[in-house]
Amino acid sequence: MPFQAVVLWTDWLVYLLVLVIVATTAYVRSQEHLRAPWRRVAQSASGMIGLVVLLVFVVAGLLDSVHFRPRLAMSDPNAKVAYAVEVLSVLDLVLEPLRTRREKTYSAPLATHLYAKEMIELPGGGQAREFPRLKYGGAQLKDPERDWAGDVVRRALGGAAGGAVVWLLLGLLAVMAAARAGSARFSLVWKRVWSGGTEVPWNAILLTLLVFCALGGATIALAAQYHVLGTDKVGQDVLYQVLKSIRTALVIGTLTTLVMLPFAIALGIAAGYFGGWVDDAIQYAYTTLNSIPGVLLIAAAVLMMQVYIDGHPELYPTAAQRADLRLLFLCIILGVTSWTGLCRLLRGEALKLKELEYIQAAHAFGVRHHRIITRHILPNVMYIVLITVVMEFSGLVLAEAVLSYVGVGVDPSMNSFGTMINNARLEMAREPMVWWSLAAAFVFMVTLVLAANLFADSVRDAFDPRVRMINPLTAKKRRREGLASHEA
C-alpha cells in the first residue's frame, strides 16, 4: 500500500462523536416533540449563518482527522517496505503546495520579497543589502514592481468569479430540489427564497455561502503563486498553519465536553434529587475543586504527562502521537476542572423538579429512583445541558489559546491558535514588526468563536422554556388574520 493508516487517540474520539451526532440526529427526526425546538433553531437567520460557518470549520477539522504515514520510495524493489516517520492527514494532501513550498524566513502577505534585507550578489559581481526575491511567492513575475498589482487583482477577481459560479450552481441545485419536493414552479421558489418567504432563512444561508465561495475562490487562486497570509520565521506558510489549527480548536471544544458531561449530569442530578449527605458531599467536592486555581492544576497535570511521555519514548514512536496524547490529556484535565458550573445548574433544576406533583405521585406509587431520574428528571434538564454545551464551546476554544500562550497548552509542535499567538510575542517586538501570524490566528479564532456564539444564542432561544421564539413569517400571518377578523 502507498500509505500506512494511523489512528490517533483523538481520531477515535472524533469518529465516536460523529457517530453519536448522526445517531442523535436520526432519533430526533423520528420524534416530533424533539423536532419542534430544532425547527425553531432553523428559523433563526443568525443561527443558520453561524451553523454554516461552523460546518465549514468542521469539514476542515474532519479532513485533518484522517491520518496516515506515506510509503517511502525505495531504490531497491526487493527492499523491505518502509514508511515515513512524519504523520500526515488528508488535509495535508489537499494543502500539499502550501505545506511543501517553504521560503527562507519571514515574508509579508502576498509578498514577492523577503521581509528583511540581506547581502546579495549583484549581477555585475558586487554586493548590496537588498530584499531577496522569494523562492515561490510571485516567482512567475519577471518584474514584480511593475506586474505585481495587476497579477494579484486579476487572480483575486478570477478566483472570486469562479467561486461565485460554483455558488450559483449549488444555489440552483438547492432551489430545483426544493421546487421538485414541493411540486412548485422554480421561479416561484426562487422568488420566495430571496424575498424571505421561506420558513428557513435560505437567503441568509445562501448569502453566507456566497461570501465563503468568493473568498475561497480568491484564496485558492492567489495561493497557487503567492503566500496569501505570509510566512513565519522558518518560511512556513501561515495560511497552512491556521487551517491546521482548526482541528485543535474543535477537538478542545468538543472532546472536553464529552469528559465534562458524565460528571456534571450524574453528580448534579444526584445532588438535587437525593439531597441530604449526598448533596453535601457533592457540593463539598465541587467547592473544593473551584478553590484550586485552574491554571495551576492544568499546568501540573500537563507537566506530569510530559514527564511520562519523555520517560517512555518507545510507546510513542512519532512526534504526532506524542503531541496527540498531550492534547487528549489536556482535554481530560479541562473536562475534569470545568464540570462544576453545569453541575450547579442541574442541581438547582433537580431540586425544583423533585417537588412537582408527578414526581411525588411516582414516589407514592413506589417507582424506583433510577427510573424516576431517567424517565422524568433527565429529559427535563436536557435543555440546560444542550444550551450549556453549545455555549461552553467558544469558552474552551479561547481557553486553549490562553493555556498555549502561557506554555501549558498543546505540544509546541502541534499547530494551534494559542501556539501561533505565543510565537507571535517576539515577532511583534522585532523591527520591522511581523504582525500577520497574530492577525491570522486572531481572525480565524474570532470567526470560529463568533459563529459558535451565534448558533448558541439560537439554540438557547429555542430550547429555553422561558424564552418564546416566534417565526417572523408566522407573526406576520397572525397579524394579517387579526386585521381581517377585526375588519369583519
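Look up: the structure comes first, before these words.
A brief look at the structure comes next. Counting restarts for each chain: residues are numbered from 1 in the order of the written sequence. Restriction of local features to residues with pLDDT of at least 70 applies here, the model being predicted, together with a cutoff of 80 or more for giving and counting side-chain atom pairs; totals for whole chains, interfaces and linings are based on all residues. Side-chain numbers come from the whole structure's heavy atoms, not from hydrogens or water.

**Comments concerning the overall build of the protein**
Part 1: Strands are runs of DSSP state E lasting at least two residues, helices are runs of H or I lasting at least four, and both sets are numbered from the N terminus onward. In terms of helices and strands, the protein carries 18 helices and five strands.
Part 2: Principal-axis analysis of the C-alpha atoms gives the protein an extent of 100 × 70 × 55 Å.
Part 3: Using a 1.4 Å probe on the protein chains alone, a residue whose accessible area is under 20% of its type maximum counts as buried, one over 50% counts as exposed, and one in between counts as partly exposed. Across the 488 residues in the protein, those meeting the buried criterion constitute 41%.
Part 4: Using the Shrake-Rupley algorithm and a 1.4 Å probe, accessible areas are obtained, with residue cover drawn only from the displayed protein chains. Per element, the accessible surface of the protein, about 26500 Å² overall, is 66% carbon and sulfur.
Part 5: Neither His nor the chain termini are counted; the positive set is Lys and Arg, and the negative set is Asp and Glu. Charged groups are reduced to one reference atom each: NZ for lysine, CZ for arginine, CG for aspartic acid, CD for glutamic acid. For the protein, the separation between the mean place of its 45 positive charges and that of its 36 negative charges on side chains is 8 Å.

**Examining the packing of helix α10 (residues 276–291) against helix α13 (residues 340–353)**
Two packed helices can be described by the angle between their axes and the distance between those axes.
Part 1: Helix axes are fitted to C-alpha atoms over the stretch in contact, other axes to C-alpha atoms as well, and angles between N-to-C directions run from 0 to 180 degrees. Where α10 contacts α13, the two axes come as close as 10 Å, and the packing angle between them is 150 degrees. The angle between α10 and α13 places the two elements in the roughly antiparallel class. You can see that α10 and α13 cross each other, and the crossing is left-handed. Of the residues in α13, those in contact with D279, I282, Q283, Y286, L289 and N290 of α10 are T340, C343, R344 and R347.
Part 2: Polar here means any residue outside two lists: the nonpolar Ala, Val, Leu, Ile, Met, Phe, Trp, Tyr, Cys and Pro, and the charged Asp, Glu, Lys and Arg; Gly therefore counts as polar. Taken together, the residues that form the contact of α10 with α13 break down as four nonpolar, three polar and three charged. Oblique is the label for any angle not under 35 degrees, not over 145, and not in the 65 to 115 range, which are roughly parallel, roughly antiparallel and roughly perpendicular in turn. In this scheme the crossing of two helices becomes right-handed for a clockwise turn of the near helix relative to the far one and left-handed for an anticlockwise turn of less than a right angle. For this analysis, residues touch if any pair of their heavy atoms sits within 4.5 Å.

**A look at the pattern of salt bridges**
Part 1: Whenever Lys or Arg places a side-chain nitrogen within 4 Å of a carboxyl oxygen from Asp or Glu, that contact is recorded as a salt bridge. Scanning the entire structure with this criterion turns up 14 salt bridges.
Part 2: For the salt bridge of E86 with R99, the shortest nitrogen-to-oxygen distance reads 3.7 Å. Here the residue E86 occupies a position in the loop between β2 (67–70) and β3 (88–89), and R99 occupies one in helix α5 (residues 96–100), the gap between them amounting to 13 residues.
Part 3: A relative accessible area of 17% places R99 in the buried class.
Part 4: Between D151 and R154 there is a salt bridge, with its nearest N and O atoms 2.9 Å apart. Placement of the pair is D151 and R154 together in helix α6 (residues 144–182), with a separation of three residues, close to one helical turn.
Part 5: Looking at D151, the relative accessible area reads 5%, which means it is buried.

**Digging into the environment of F463**
Part 1: Relative to the elements of secondary structure, F463 occurs in helix α17 (residues 436–463).
Part 2: Those residues in contact with F463 that lie beyond four places of it in its chain are P37, W38, V41, Y383, L386 and I387.

**Overview of the packing of aromatic side chains**
By convention here, two paired aromatic rings are described through the distance between centres and the angle between planes.
Part 1: Ring geometry is summarised as follows: Phe, Tyr and Trp rings, the Trp one being its six-membered ring, pair when their centres sit within 6.5 Å, and such pairs are stacked at plane angles under 30 degrees, edge-to-face over 60 and tilted between the two. If you walk through the whole model with that rule in mind, you get eight aromatic pairs.
Part 2: Taking the centre distance of 6.4 Å and the plane angle of 75 degrees together, the rings of W12 and Y15 count as edge-to-face. Placement of the pair is W12 and Y15 together in helix α1 (residues 9–29), with a separation of three residues, close to one helical turn.
Part 3: Of the residues examined, W12 reaches a relative accessible area of 52% and is grouped as exposed.

Function cannot be read off these values alone, since they describe shape.
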